[in-house]
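Structural features, examined
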Amino acid sequence: MVMYILWTLLFFHVSAQRWTLFDEESKPKREGRVRLVGDLPSSGRVEVYHDGQWGTVCDDGWDLAEAQVVCRQLGFPGAISVTPGGQYGEGSGSIWLDDMNCKGSESSLSECCFKGWGITDCSHKEDAGVVCETGTNITSDHQFFLDNSLGLSDDLGLLFDSGDGCDFRINVQDVSEESELTFCVHSMILMIYPELNITNNSENLTVDVSHTCHPHVSAFLRYLYSRQIDVSITSAQCLHQLAFNFGVKKLMEDVGRAFTLLIPEDNTFHTQVSMFEYGLRTGDLVLQENVLQYLSWNSEFLISSPVWSTISFHMMDALLRRSDLVVKDEAFLLEALERWIQDKGDEISSDQQASLLNHIRFLLIPVDKLYEMQFSSSVLHRNHEKLYLTGLLRGFQFNALPFSKIRKQMYNTSSEYLPRIYTGDEWSVFINDTTVNYQYHNYYYGQNNRIQSFSTPAHPSWQAQVFLSNQECSYYGIPCTSFPVARLYGYGNQNMYTSTIRYSNRLILTCKNENNIFHVQDFKNDMAVIPNNSSMGLPNPCPDDYSFWFVVRPEYI
């Protein structure tokens, strides 16, 4: 894969479980271990051990499936219930996990899907808890935990280095370069990885690896022994490819997260598109998701770039399915899709065109633009006239009829009523001034550019605020623990809207000079605490010079 940017050095360490202590109170602090903090052993606040310290789990998306994993990891038969944030008190330190998505069958919480360690927009008021089943076969026998595995990872690494007793050969070759490397390893170690399909009768394995990656093969094979490896930008892509070839999914995911730090670096979008296609080929869902999220947030810039006409059908399909696309409005997205289909020409079949058009949410296109669409004479419109007419009719109905009437015909799983993140003037307001030298009188008497009022079609009146100090928060009776913090709240007559509309508003952070979006988060109880750089999904490229974009996002229920 051709890379279009100069990657800066990145380093991280994947460590093994390596503590040896004694008794319940001082069990080894092993990576990914969980504990409950509360009055009873079977219930409490969930904490997980990572990177040398205990941290909590946010309750966003916290459900019984996640609780089942935690309870079984702790040795209980299962979970009885989950508890909302704060019931077992607030934790301290890092919030390690957020937006967990467990199937319920995982053996540990860290095996569930999540975006990355420490990536969160939560506070400790949202620390998750569980209540576990205690079972009926509990005895009074006190059990002690013994672990003599300290140093095992290092010992296995030394075993690889020495080659003593090796009984299996791995041949690494690049046919095009006519180069080959041979490593003698231990078949018993390789049998831990079932994807390699190593049996007692096997004596060797031949793998085709690009010559440019040959210098990294030894470190990768050593990882199979020790589960430890240093990853730099120069080695990341090769290690990811080797992990894919050998079926080592955990290393693929960890290195894939390292790629995330590179995503904002290329304003031309060539690198991001290449990363997605690479993630598609290797089946790395984490890498695909991280790239798609960034491109969704910066979709207007992507659409206006030359790369837009080159993206694949698979990427276009994945983007149009998402609700976190940041665009002016749905009509803007439809116009961009029409232009992309026209540029592709015969590369995209009529059925593929129709499938993409079906992802357009015609109901949410502004009514004045729906009216103009009737008179469109584009080739695409003529080729899919029935699809367009159906979309126009439903769009006019949605804008003309009370939603309480339309709701009866809604499908709960339909996304056509779910808005994307529309940044048109009727749905958003921009606060660009983050200076802190306001006089006391000016801030509280309306002479502050960090307080903006605006109106939207669904809810009449909103006020957006950015607070930079305790003094500002105190004036409004708001407890603030870190800064900056944003607030977006509606006022006026809300009763006529709350029965059919709920608001899932968004705060967008964008660099002032470059305008690229590097963070999007929701409001909780009208507030959005800006996370620090280490807890963002993407690094903040402009920590001292960014702007706030407040977006009202009605969801029709």
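Check the entry above for the structure.
Read on for an overview of the structure.

Quick notes on the rules
- Residues numbered from 1 in each chain as written.
- Predicted model: local features only at pLDDT ≥ 70, side-chain atom pairs only at ≥ 80, totals over all residues.
- Heavy atoms only, no water.
- Helix = DSSP H or I, 4+ residues; strand = E, 2+ residues; numbered from the N terminus.
- Buried < 20%, exposed > 50% of the residue type's maximum accessible area, 1.4 Å probe, protein only.
- Contact = heavy atoms within 4.5 Å.
- Areas by Shrake-Rupley, 256 points an atom, 1.4 Å probe, with all protein chains shown as cover.
- Axes fitted to C-alpha atoms, helices over the stretch in contact; angles between N-to-C directions.
- Parallel < 35°, antiparallel > 145°, perpendicular 65-115°, else oblique.
- Left-handed = near helix turned anticlockwise from the far one by under 90°.
- Lys, Arg positive; Asp, Glu negative; His and termini not counted.
- Salt bridge = Lys/Arg side-chain N within 4 Å of Asp/Glu carboxyl O.
- Disulfide = S-S within 2.5 Å.
- Pairing = 2+ DSSP bridges.
- Core = buried A, V, L, I, M, F, W, Y, C linked by side-chain atoms within 4.5 Å.

**Describing the overall build of the protein**
Counting its secondary structure elements, the protein contains 19 helices and 23 strands. Here the protein, with 557 residues, has 51% of them falling under the buried criterion. Restricting the contact set of the protein to residue pairs at least 6 apart, pairs at least 24 apart contribute 69%. A total accessible area of about 27800 Å² is found for the protein, and carbon and sulfur atoms account for 50% of it.

**Considering the packing of helix 8 (residues 285–297) against helix 10 (residues 313–320)**
What describes two packed helices is the angle between their axes and the distance between those same axes. Where helix 8 contacts helix 10, the two axes come as close as 10 Å, and the packing angle between them is 70 degrees. As judged from the angle between their axes, helix 8 and helix 10 are roughly perpendicular. In the packing of helix 8 onto helix 10, the handedness of the crossing is right-handed. Contacts between helix 8 and helix 10 involve Leu292, Leu295 and Ser296 from the first element and Met315, Ala318 and Leu319 from the second.

**Quick word on the side chain of arginine 487**
Within the element layout of this structure, arginine 487 appears in strand 17 (residues 485–491). The buried charged residue arginine 487 lacks any salt bridge partner; its closest oppositely charged side chain belongs to aspartate 526, at an N-O distance of 5.7 Å. Once residues lying within four places of it in the same chain are set aside, the contact partners of arginine 487 are Gln463, Ala464, Gln465, Phe467, Tyr476, Ile478, Phe523, Asp526, Met527 and Phe550.

**With respect to the environment of arginine 394**
Take arginine 394: it is sitting in helix 15 (residues 385–400). On the basis of relative accessibility, which here comes to 29%, the residue arginine 394 falls in the partly exposed class. Contacts of arginine 394, omitting those with residues within four sequence positions, involve Leu363, Glu416 and Tyr417.

**Describing the state of the cysteines**
By the definition in use, this model includes six disulfides. The disulfide that involves cysteine 213 links it to cysteine 238, with 2.1 Å between the sulfurs. Across the disulfide from cysteine 213 to cysteine 238, rotation about the S-S bond amounts to roughly -80 degrees, and the bridge is consequently left-handed. You can see cysteine 213 sitting in the loop between strand 10 (204–208) and helix 4 (217–226) and its partner cysteine 238 sitting in helix 5 (residues 233–246), a full 25 residues away along the chain. An identical accessibility class is assigned to cysteine 213 and cysteine 238; each is buried. Disulfide pairing is shown between cysteine 473 and cysteine 480; the S-S distance is 2.0 Å. Across the S-S bond linking cysteine 473 and cysteine 480, the dihedral sits near -95 degrees, which makes this disulfide left-handed. Given the relative accessible area of 1%, cysteine 473 is considered buried. Judged by its relative accessible area of 13%, cysteine 480 falls in the buried class. The thiol sulfur of cysteine 113 is not disulfide-bonded, and the nearest other cysteine sulfur, from cysteine 112, lies at 7.4 Å. Taking relative accessible area as the criterion, cysteine 113 reaches 52% and is therefore assigned exposed.

**Section: the pairing of strand 4 (residues 53–57)**
With respect to burial, strand 4 is a largely interior element, four of its five residues being buried. The pairing of strand 3 (residues 43–50) with strand 4 spans four bridges and is classified as antiparallel. Bridging across to strand 4, valine 48 finds its partner in glycine 55. Taking the residues between adjacent antiparallel strands as the criterion, strand 3 and strand 4 are bridged by two residues, where aspartate 51 takes a positive phi near 55 degrees. Where strand 4 and strand 6 (residues 95–97) come together, two bridges link them in parallel fashion. Across the sheet, residue valine 57 finds its bridge partner in strand 6, namely leucine 97.

**Let's talk about the nonpolar core**
Counting residues in each nonpolar core, the largest one holds 111 residues, and the members touching the most others are Phe220, Trp340 and Phe550. Per-element tally for this core: the top contributor is helix 11 (residues 330–344), with seven residues. In this structure, Val46, Trp62, Met100 and Cys132 belong to the second largest nonpolar core, which totals 22 residues.

**Points about unusual backbone geometry**
Cis geometry is found at the peptide bond from phenylalanine 483 to proline 484, where omega equals -5 degrees. Following the sequence through the fold, proline 484 ends up in the loop between helix 18 (470–475) and strand 17. Its identity as a non-glycine residue notwithstanding, phenylalanine 269 has a phi of 75 degrees, on the positive side. Tracing the backbone shows phenylalanine 269 in the loop between helix 6 (249–260) and helix 7 (270–282). You will see that aspartate 526, though not glycine, has its phi angle at about 70 degrees, which is positive.

**Digging into the sheet that holds strand 19 (residues 506–511)**
One open sheet accounts for four strands, arranged 14-22-19-20; its pairing is antiparallel. Here the strands that pair on one side only, and so sit at the sheet edges, are strand 14 (428–431) and strand 20 (517–522). For this sheet, the mean inter-axis angle between neighbouring strands, taken without regard to orientation, is 20 degrees. Of the pairings in the sheet, the one linking strand 14 to strand 22 (residues 546–551) comprises four bridges and is antiparallel in character. By the bridge assignment for strand 22, isoleucine 431 is matched with phenylalanine 548.

**Here's the deal with the pattern of salt bridges**
As enumerated under the stated definition, the model contains 18 salt bridges in all. One network of salt bridges, in which partners are shared, links Asp60, Asp121, Glu126 and Lys524.

**Topic: the sheet that holds strand 21 (residues 527–529)**
Strand order across the open sheet formed by four strands is 15-16-17-21, with antiparallel pairing between neighbours. Whereas interior strands pair on both sides, the edge strands pair on one side only; in this sheet they are strand 15 (451–454) and strand 21. Across the sheet, the axes of successive neighbouring strands diverge by a mean angle of 15 degrees, strand direction being ignored. Bridge count for strand 15 against strand 16 (residues 461–467) is four bridges, and the pairing is antiparallel. Note on strand 16: the bridge partner recorded for serine 453 is glutamine 463.

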